[in-house]
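So you can see what is in the structure, the chains are spelled out below.
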Amino acid sequence: MKYSYFPGCGMEATGIEYAKSLAFVNRAIGVEFIEIDDWNCCGATAGHSTSHELGMALPARNLALSEQQRPGMPIVVPCASCYSRMKYALQAAQGSENEKLSRLIGMPVSGAAEIVSIMEAYSDPVAAEAIKAAIKKPLDGLKVACYYGCLYTRPPKVTGMENCEDPQAMDELVRLTGAACVDWAFKTECCGAGHHVDLPAESKPLLYKIYKNARANGAQAIITACPMCMMNLDMRQGAVNMAYGEDFDLPVYFLTELLAVAMGAGFGECGVATHFHPAKKLLQNLINNKEVV
Amino acid sequence: MAEKNLSSLSAANAVRIEALADSIGAKLHECYQCGKCTAGCPMAGSMDLMPRQVIRHLQLGLLDEALHSRAPWICATCYTCSARCPHDVPISELMEAVRQQAERAGIRPIRRSHLFTKYFLLPLKWFGKNHELTLTMFYNLASGRVLQHFSYLPAMLKGSKLKIFPARVKNREAVRRLMENCEREAERI
């Protein structure tokens, strides 16, 4: 299966582990992501909070480039924020704003290609079968909380998600590794996203509540498929522990890291070695069949 | 709160508020103030006006109060409110439209949020891509929080999570022109 690929800026920097593990999984299951040549930043929240036009036009240029380079090929977008912006732009290009968008980006755009997330790409029956077949080191005994965050699911009129309060696609993929997914209340709560920069005091409680609920429901780790959520949940866990006098010890893994480790990838190879919150020990113990503390 | 003559205020602001709501396809009269948006809002605890109240102010014609509220700037655009509204009011999008109008009028109740957006877009205009180091340097200096995030730097560099030199698109001219076109278009409205 081939996809046109919009990596987004995070994959080249703070989300580098996502890029590494994704490449490993794709090789193992025979899926190919072909990067859109000369793609630009989708603008993220800064784009759409500046103006409706900017929020639509930045991702629309990427749609137009993909259409030009690989007409009709579905576009896979691993970052939740980029995914949301690309879906918004797709709807705008398909509707009454088409002419305006083409004028703003200086090239034609039709909105003919489908936008899919990593979860959607890997949930395809052929890909899911290949994942199942590639699991070499099952993660039986591991209990994780699948964290979807905001933008894969909401707003449903853009994402097309039927069950936006309790999505299941990530849970189903995680279960292929042998790990169990806990039932918890915060799988689609907001992590605070970029507000951890400009409104840190107001945003910390969001992370605290996510950790607290994950732990209360028996999770040993949190799984995400978004580089922004990863940065907040992983990098800021120490600061939240300090601010709240807590001792949360919840390694955070990209969905693709968990898949890659279960497929036999080395920790350095798939990114697990470079997290802020130590993430190797939990999986190492599990793989060595030692008892997980 | 001081007394307001709502009927005269409404008349004066009705056109501006209607234009604001129309620009995102929102029907303000659909909101019956049930408060479900506020109940589910993860940031409500820090807001001066609850999401429900922002809409109520707009319904009553109290545009200036809405424009000066911190709430639209605190909104994390997580869309929980929009997804749960029983009458399909796009609350998150309304918050954003209020924030944009305030920004255009030079009203910035939370200067740091204004700075974050401004400096996020700066490297984008230069390079066509986001560059965390440029954003952080400019934001930290302008916001006065010079050392914010500094402690994460060693781990960032060790894990190759920070690019010293920005990634750049080849056709930077196209992205710059796109952004200027959008600025012009937004000014016309």
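Residues numbered from 1 in each chain as written. Chains lettered and ligands numbered in written order. Predicted model: local features only at pLDDT ≥ 70, side-chain atom pairs only at ≥ 80, totals over all residues. Heavy atoms only, no water.

A.B. asks: Any chance you could explain the overall build of chain B here in plain terms?
C.D. replies: Each helix and strand counted, chain B has 11 helices and 0 strands in total. The order of α-helices and β-strands along chain B, N terminus first, is α-α-α-α-α-α-α-α-α-α-α. Here the C-alpha coordinates of chain B stretch approximately 60 × 35 × 30 Å along the principal axes. Counting all 189 residues of chain B, 51% fall into the buried class. The long-range share in chain B, meaning contacts at least 24 apart out of those at least 6 apart in sequence, stands at 64%. When the 27 positive and 17 negative side-chain charges of chain B are each reduced to one mean point, those points stand 11 Å apart. (Helix = DSSP H or I, 4+ residues; strand = E, 2+ residues; numbered from the N terminus. Buried < 20%, exposed > 50% of the residue type's maximum accessible area, 1.4 Å probe, protein only. Contact = heavy atoms within 4.5 Å. Lys, Arg positive; Asp, Glu negative; His and termini not counted. Charge placed at Lys NZ, Arg CZ, Asp CG, Glu CD.)

A.B. asks: Even after reading the chapter, I still don't get the domain arrangement of chain A, so can you show me in this structure?
C.D. replies: Residues and elements named next belong to chain A. In terms of domain boundaries, chain A breaks down into domain 1 (2–118) and domain 2 (136–292). Distance from the C-alpha centre of domain 1 to the C-alpha centre of domain 2: 24 Å. Between domain 1 and domain 2, the contact holds 22 residues from the first and 25 residues from the second. Summed over both partners, the interface of domain 1 with domain 2 comes to about 2,100 Å²; 70% of that surface belongs to carbon and sulfur atoms. If you sort the residues of domain 1 by the area they bury against domain 2, Glu17, Tyr18 and Phe24 come out on top, with a joint share of 28%. Counting across the domain 1 and domain 2 interface gives 0 salt bridges. Seen at the junction of domain 1 and domain 2, the total is 6 residue pairs in polar contact (both at pLDDT 80 or more). Considering each element in turn, the side of domain 1 that touches domain 2 owes the most residues, 9 residues, to helix α1 (residues 16–29). When its residues are assigned to classes, the side of domain 1 that touches domain 2 shows 12 nonpolar, 7 polar and 3 charged. (Domains from an automatic or database assignment. Buried area = accessible area lost by both parts, 1.4 Å probe. Salt bridge = Lys/Arg side-chain N within 4 Å of Asp/Glu carboxyl O. Polar contact = N/O pair within 3.5 Å; in protein donor to acceptor, adjacent residues only side chain to side chain. Nonpolar A, V, L, I, M, F, W, Y, C, P; charged D, E, K, R; others polar.)

A.B. asks: Is there a simple way to think about the packing of helix α8 (residues 111–127) of chain B against helix α9 (residues 132–143) of chain B in this case?
C.D. replies: Residue and element names in this part refer to chain B. For the pair α8 and α9, the least separation of the axes is 9 Å and the interaxial angle reads 145°. Handedness of the α8/α9 crossing: right-handed. Residues Arg111, Arg112, Leu115, Phe116, Tyr119, Phe120, Leu122, Pro123, Trp126 and Phe127 of α8 form the contact with α9, whose participating residues are Thr134, Leu135, Phe138, Tyr139, Ala142 and Ser143. Taken together, the residues that form the contact of α8 with α9 break down as 12 nonpolar, 2 polar and 2 charged. (Axes fitted to C-alpha atoms, helices over the stretch in contact; angles between N-to-C directions. Left-handed = near helix turned anticlockwise from the far one by under 90°.)

A.B. asks: Is there a simple way to think about the environment of Glu173 of chain B in this case?
C.D. replies: Locating Glu173 of chain B in the fold gives a position in helix α11 (residues 172–188). Using a relative accessible area of 37% as the deciding quantity, one classes Glu173 of chain B as partly exposed.

A.B. asks: Looking at this structure, how should I read the pairing of strand β5 (residues 143–146) of chain A?
C.D. replies: As a general feature of sheets, a regular strand has side chains that alternate between the two faces. Residue and element names in this part refer to chain A. Pairing of β5 with strand β6 (residues 180–181) involves 2 bridges; the strand directions are parallel. Its bridge partner lying in β6, Val144 is registered against Cys181. Of the pairings in the sheet, the one linking β5 to strand β7 (residues 221–224) comprises 3 bridges and is parallel in character. Within β7, the residue paired with Ala145 across the bridge is Ile222. (Pairing = 2+ DSSP bridges.)

A.B. asks: Which parts of the structure should I look at to understand the interface of chain A and chain B?
C.D. replies: It is common to give the size of an interface as the accessible area that goes away when the parts come together. On the side of chain B, 55 residues touch chain A, which itself brings 60 residues to the contact. At the boundary of chain A with chain B, total buried surface from both sides reaches about 4,800 Å², with 60% on carbon and sulfur atoms. A per-residue breakdown of the area chain A buries against chain B is headed by Val197, Asp198 and Phe276 of chain A, which together make up 11% of the total. Our count for the contact surface shared by chain A and chain B stands at 7 salt bridges. With a closest N to O distance of 2.7 Å, Arg84 of chain B and Glu165 of chain A form a salt bridge.

A.B. asks: Any chance you could explain the side chain of Glu93 of chain B here in plain terms?
C.D. replies: Looking at the secondary structure, you find Glu93 of chain B in helix α7 (residues 91–104). Residue classification places Glu93 of chain B among the buried positions, given a relative accessible area of 13%. At 3.3 Å, the side chain of Glu93 of chain B and the side chain of Lys157 of chain A are in polar contact. Contacts of Glu93 of chain B, omitting those with residues within four sequence positions, involve Tyr88, Pro155 and Lys157 of chain A together with Ile24, Tyr79 and Ser82 of chain B.

A.B. asks: Where do I start with the pairing of β7 of chain A in this structure?
C.D. replies: Residues and elements named next belong to chain A. Residues of β7 alternate between two faces, with Ala221 and Ile223 on one and Ile222 and Thr224 on the opposite face, all of them buried. Pairing of β7 with strand β8 (residues 252–254) involves 3 bridges; the strand directions are parallel. When the sheet's bridge partners are listed, Ile223 is paired in β8 with Tyr253.

A.B. asks: Explanation requested: the sheet that holds β5 of chain A in the structure shown.
C.D. replies: The pairing of strands in a sheet comes from backbone hydrogen bonds and takes either a parallel or an antiparallel form. All names here are of chain A. Pairing in this open sheet of 4 strands is parallel, and the strands run β6-β5-β7-β8 from one edge to the other. With partners counted over all chains shown, the strands left at the sheet margins are β6 and β8, one partner each. Helix-sheet contacts for helix α12 (residues 227–235) involve β7 and β8, and the interaxial angle to β8 is about 165°.

A.B. asks: Would you mind going over helix α7 (residues 125–134) of chain A with me for this structure?
C.D. replies: Side chains three or four residues apart in an α-helix point the same way, a direct result of the helix having 3.6 residues per turn. Residue and element names in this part refer to chain A. Within α7, the full set of buried residues consists of Ala127, Ala128, Ile131 and Ala134. End-on view of α7: buried residues confined to an arc of 125°, all on one side of the axis. Facing away from the buried side of α7 by more than 90 degrees, the exposed set consists of Pro125, Val126 and Ala133. Against α1, α6 (118–123), α9 (169–175) and α14 (255–262) lie the buried residues of α7. (Arc of directions from axis to C-beta.)

A.B. asks: What exactly am I supposed to notice about the sheet that holds strand β2 (residues 32–35) of chain A here?
C.D. replies: Residue and element names in this part refer to chain A. Strand order across the open sheet formed by 4 strands is β2-β1-β3-β4, with parallel pairing between neighbours. The sheet is open, and its two edges are formed by β2 and β4 (115–116), each paired on a single side. Pairing between strand β1 (residues 2–5) and β2: 4 bridges, direction parallel. Bridging across to β2, Lys2 finds its partner in Glu32.

A.B. asks: Whenever I open this one, unusual backbone geometry confuses me. Can you help?
C.D. replies: Note on backbone geometry: most residues besides glycine have negative phi, and most peptide bonds are trans. In this chain, Arg154 of chain A is followed by Pro155 of chain A through a cis amide linkage whose omega measures -15°. With respect to the helices, strands and loops of the structure, Pro155 of chain A is situated in the loop between β5 and α8 (156–159). The backbone phi angle of Gln33 of chain B is positive, close to 60°, even though this residue is not glycine. Looking at the secondary structure, you find Gln33 of chain B in the loop between α1 (6–23) and α2 (36–40). In this structure, His149 of chain B takes a positive phi of about 70° despite not being glycine. Tracing the chain through its elements places His149 of chain B in the loop between α9 and α10 (153–158).

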